[in-house]
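What the coordinates show
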Amino acid sequence: MKKEVVLGIDLGGTYTKLGLVTKTGCILNNSRFDTNARMPFQDFLKKLESEVNDLKSNLGPEQQLIRIGIGAPNANPQSGNMENPPNFKWGRSVPLAKSVEKIFDLPVVLTNDANAAALGEMEYGLGKGMKNFVVLTLGTGLGGGIINNGELLTGEHGMAAELGHVNVDSNPNARQCNCGLKGCLETYVSVTGIRRTIFELIAEMTDDSPLRSISFDEMTGEIISDAALEGDTIALRAFEQTAEALGIQLADTAAHLDPEAFILLGGLSKAGDILLKPTIDAMERKLFNAYKGRIKVLISKTPSENAILGPAALAWNVEH
Ligand SMILES: [Zn+2]
């Protein structure tokens, strides 16, 4: 019998990562290319086709590619489309699943990137053995993925767990979110959110800081994390505020779902304990008594280059 493999594709705003993955989560070979989200969708498909064919040419005669799993921003598993992806110039509704299916003549399963990450953690990461947990991806935006009773919670419209867009500030002057609403969690708790906090603090505080000479666009999550690790008072204050908002939200989400754990991923989670400790403190302060001391908050150990494991888990998950 042939050894079956799936292709996992992690489609991001900057890079697209892809790789062939076995059932046990072994990455046979993988690659990465620039997504070029501002170029036409057809250009992306052409590049994807040639990259996939390169990977396939390395397969042995005993190996067979059976399915493709894709994680992408704003992807809807029901329609197979990316719906209004901000930061992409590919149109309002991008027929991603159908287009990829047509090129490779293989079944394609699609979900949003954070849901794919939740499946990846369940199959191959910290969620192994857990039946109820929530993944939060703290990158450019904030994505959520909920595993409920061992399965991904999809919701009525395929759009469950949009945790980035719960309201945390009902003030009319609250921060404007890309989604059109104001006061969304991701305007505070994401790389973009903490950048906004840093610039507010630079205006409010008089402390010296190397962050003062960095422009908004150049200020990455890594630069902010490194500054905090070196004891920069503005960066540390920004992490305190971010952790406070995140911890309160986790307490709220716990009241809805009673999870075993929250697993944090993405650029902001690289700050480690600087984010984790105050987040746990804030969560515990706000938790309903029944949950106090019983819910873990963890930082994912999946390196970002292995992000294809999520979409691969999605492709394998179809068989369950
Ligand atoms: Zn929003």
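Calculation rules
Residues numbered from 1 in each chain as written. Predicted model: local features only at pLDDT ≥ 70, side-chain atom pairs only at ≥ 80, totals over all residues. Helix = DSSP H or I, 4+ residues; strand = E, 2+ residues; numbered from the N terminus. Rg over C-alpha atoms; globule rule 2.2 N^0.38 Å. Buried ≥ 20, exposed ≤ 12 C-beta atoms within 10 Å, placed from the backbone. Contact = placed C-beta atoms within 7 Å. Domains from an automatic or database assignment. Nonpolar A, V, L, I, M, F, W, Y, C, P; charged D, E, K, R; others polar. Core = buried A, V, L, I, M, F, W, Y, C linked by C-beta atoms within 7 Å. Pairing = 2+ DSSP bridges. Axes fitted to C-alpha atoms, helices over the stretch in contact; angles between N-to-C directions.

As a further point, take the overall build of the protein chain. A count of helical and extended segments in the protein chain gives eight helices and 13 strands. A compact globule built from 320 residues should have a C-alpha radius of gyration of about 20 Å, and the protein chain, at 20 Å, falls within 12% of that. Along the longest, intermediate and shortest principal axes, the C-alpha atoms of the protein chain span 65 × 45 × 35 Å. Expressed as a percentage of the 320 residues in the protein chain, the buried residues total 43%. At a minimum sequence separation of 6, the contacts of the protein chain that also span at least 24 residues come to 64%.

Another point: the domain arrangement of the protein chain. In terms of domain boundaries, the protein chain breaks down into domain 1 (3–120 + 305–317) and domain 2 (130–300). On the domain 2 side, the residues contacting the 12 residues of domain 1 number 16 residues. Broken down by element, the residue count for the side of domain 1 that touches domain 2 peaks at six residues, all from helix α3 (residues 113–124). Of the residues belonging to the side of domain 1 that touches domain 2, the class tally is six nonpolar, five polar and one charged.

The subject of this paragraph is the nonpolar core. Counting 81 residues, the largest nonpolar core has I70, L96, A118 and A235 as the members making the most contacts within it. In terms of residue count, the dominant contributor to this core is helix α6 (residues 233–257) (eight residues). Each residue touching L96, except ones within four places of it in the same chain, is listed here: I70, A72, A75, G80, N81, M82 and L110.

The strand order across the open sheet built from five strands is β3-β2-β1-β4-β8, with neighbouring strands paired in mixed fashion. Looking at the sheet topology across the chains shown, the edges are occupied by β3 (27–34) and β8 (108–112). This sheet shows a mean twist of 20 degrees between the axes of neighbouring strands, independent of strand direction. When strand β1 (residues 3–11) meets strand β2 (residues 15–21), the two strands line up antiparallel, connected through six bridges. Note on β2: the bridge partner recorded for L7 is L20. Lying over the sheet, helix α1 (residues 41–57) contacts β1, β2, β3 and β4 (63–72), oriented at roughly 155 degrees with respect to β3. This element, α3, spans β1, β4 and β8 of the sheet and lies at about 105 degrees to β8.

Counted residue by residue, β1 has seven buried out of nine residues, so it is predominantly covered. Alignment of β1 against β4, held across eight bridges, turns out to be parallel. If you follow V5 over to β4, its bridge partner there is L65. Once β1 ends, the chain turns through three residues before running back antiparallel as β2.

Once that is clear, we can look at the environment of M219. Mapped onto the elements, M219 comes out in the loop between α4 (191–204) and α5 (221–229). Overall, the presence of 18 C-beta atoms within 10 Å leaves M219 in the partly exposed class. A sequence separation of 24 residues divides M219 from R195, and the C-alpha atoms of the two residues are 7.0 Å apart. Sequence-distant contacts of M219, defined by excluding residues within four places in its chain, comprise R195, I198, I214 and I224.

Ordered by their spatial adjacency, three strands build an open sheet running β5-β6-β7, and the pairing between neighbours is antiparallel. On the outer flanks of this sheet lie β5 (75–76) and β7 (93–94), each paired with one strand and no other. Judged from the two bridges that link them, β5 and strand β6 (residues 81–83) form a sheet pairing that is antiparallel. Each bridged residue has a counterpart across the sheet, and for A75 the counterpart in β6 is M82.

A word on unusual backbone geometry. A positive phi angle is found at N36, which is not glycine, with a value near 50 degrees. Although it is not a glycine, N84 adopts a positive phi angle of roughly 45 degrees. With respect to the helices and strands, the residue N84 is situated in the loop between β6 and β7.

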